[in-house]
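Breakdown of the fold
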Amino acid sequence: MDKRLKIALFPNVYKDKNLNNTKVIIDKLIDLGILVLIHKDYKLMPNSDYICVYDNIDELILNCDLAITIGGDGTIIHFAKYASMFEKPVLGVNIGRLGFVAGIEMSQLNKLSYILDGNYKVQERAMLEVSVKQKDGEKTFIALNDAVISRGAPSRVIDLAIYTSSNKICDYRADGIIIATPTGSTAYSLSAGGPIIEPTVSCMIITPICSHSIFARPIIFDNKSTLDIRATSREDLGIFLTIDGDEIIDVTQADFINIKISDRKAKIINLDERSFYRKISEKFSNRS
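A short tour of the structure in this document, coming up.

Taken as a whole, this structure holds five salt bridges when the rule is applied. The partner of R151 in a salt bridge is D175, with the nearest N and O atoms 3.2 Å apart. A residue pair is termed long-range when its members are at least 10 positions apart, and R151 in strand β9 (residues 146-151) and D175 in the loop between β11 (167-174) and β12 (176-180) qualify at 24 residues. Judged by relative accessible area, which is 26%, R151 ranks as partly exposed.

Here it is in structure tokens:
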């Protein structure tokens, strides 16, 4: 039985042109005596003493000790959700612009040795379970960043009613609303005026987008709350529910949207010694 540490690699082929960064990381891992697991679609290297190529992604995840993504926050979020089904931790190597979720930059690859020594911490991140009940049935989605309900017509606003435990919380007349996790609090929610929340906190944030009510403010709900959301606009304006910027669902007045904290947790490895707030300050000050 091979007792070496096994790390699965998931590069973003659009951000990592010709997989140049991925090849550098593979060399670093091999130098550390780590067994690298990759999917055949990346067409990087054949099977060898240090490289294992898999046909099936589920088997790839099952057989690794942890995963490394190479890309931006979107890449990390996508694979962290997938890895959470197998309770595997993920380290994000940032080659994007901001990289709030990333645990390391390409300039910090020397810190990969911390993984071999076990000198790292795994943060558990809350995720949203989003259920949409429609005429043709119910669909459930998982979000690590946010679920966004927004208008389809650019010149119209939408009306949304928010309930929890059958009690009405508020009405929003706005361009839409963002329901974010603490991980997502530094994404779209922040740009819409939402609060910054430490990523290890378990809660939900509702942030209105361009609200047409002077009293509309972001609201934070604890991890026991369940939100029921309905569109109450008199006209069918075209409303969309977007999950982590990837999946888009058409929503009508007859549909019910239910959102709560998922039982699943994303496990994120952080090798960055900077505090969460220092990291945010530096990321925004360097933003161009």
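Back to the write-up after that little detour.
There is about 500 Å³ of room inside the largest pocket. As for the largest pocket, its lining consists of 24 residues, and the residues nearest its centre are D73, L98, N145, A187 and Y188. Those elements giving two or more residues to the lining of the largest pocket turn out to be α3 (73-84) and α5 (188-191). It is α3 that provides the largest number of residues to the lining of the largest pocket, a total of four residues.

The next thing to look at is a negative patch on the surface. On the surface, D41, D55, D58 and E59 cluster together to form a negatively charged patch. The class for D58 is partly exposed, based on a relative accessible area of 35%.

Right, let's talk about the nonpolar core for a bit. Counting residues in hydrophobic clusters, the biggest one holds 45 residues, and the most contacted among them are L9, L29 and I68. With five residues, α3 is the single largest residue contributor to this core. Here L29 is in contact with I7, L9, I34, V36, I68 and L112, once residues within four sequence places are set aside.

Right, let's talk about the environment of Q108 for a bit. On the secondary structure map, Q108 appears in the loop between β6 (104-105) and α4 (113-117). Along the primary structure Q108 and D2 are separated by 106 residues, whereas in three dimensions their C-alpha atoms are 28 Å apart.

So, about the pairing of strand β18 (residues 256-270). Successive side chains on a regular strand alternate, one facing one side of the sheet and the next facing the other. When strand β5 (residues 90-94) meets β18, the two strands line up parallel, connected through two bridges. The residue of β18 that forms the bridge with V90 is I268. Where strand β7 (residues 121-134) and β18 come together, 12 bridges link them in antiparallel fashion. Within β18, the residue paired with L128 across the bridge is I261. Examined bridge by bridge, strand β15 (residues 226-231) and β18 share four bridges and lie antiparallel to one another. Counterpart to I229 in the pairing with β18 is I257.

How each quantity is defined
- Residues numbered from 1 in each chain as written.
- Predicted model: local features only at pLDDT ≥ 70, side-chain atom pairs only at ≥ 80, totals over all residues.
- Heavy atoms only, no water.
- Salt bridge = Lys/Arg side-chain N within 4 Å of Asp/Glu carboxyl O.
- Helix = DSSP H or I, 4+ residues; strand = E, 2+ residues; numbered from the N terminus.
- Buried < 20%, exposed > 50% of the residue type's maximum accessible area, 1.4 Å probe, protein only.
- 1 Å grid on protein atoms, 1.4 Å probe; cavity = no way out; pocket = protein on both sides within 12 Å on 5 of 7 lines; lining within 4 Å.
- Points joined across faces, edges and corners; volume = space filled by probe spheres on them.
- Patch = residues over 30% accessible without salt bridge, like charges linked within 9 Å, V, L, I, M, F, W, Y side chains within 5 Å.
- Areas by Shrake-Rupley, 256 points an atom, 1.4 Å probe, with all protein chains shown as cover.
- Lys, Arg positive; Asp, Glu negative; His and termini not counted.
- Charge placed at Lys NZ, Arg CZ, Asp CG, Glu CD.
- Core = buried A, V, L, I, M, F, W, Y, C linked by side-chain atoms within 4.5 Å.
- Contact = heavy atoms within 4.5 Å.
- Pairing = 2+ DSSP bridges.

Structural measurements only, silent on function.
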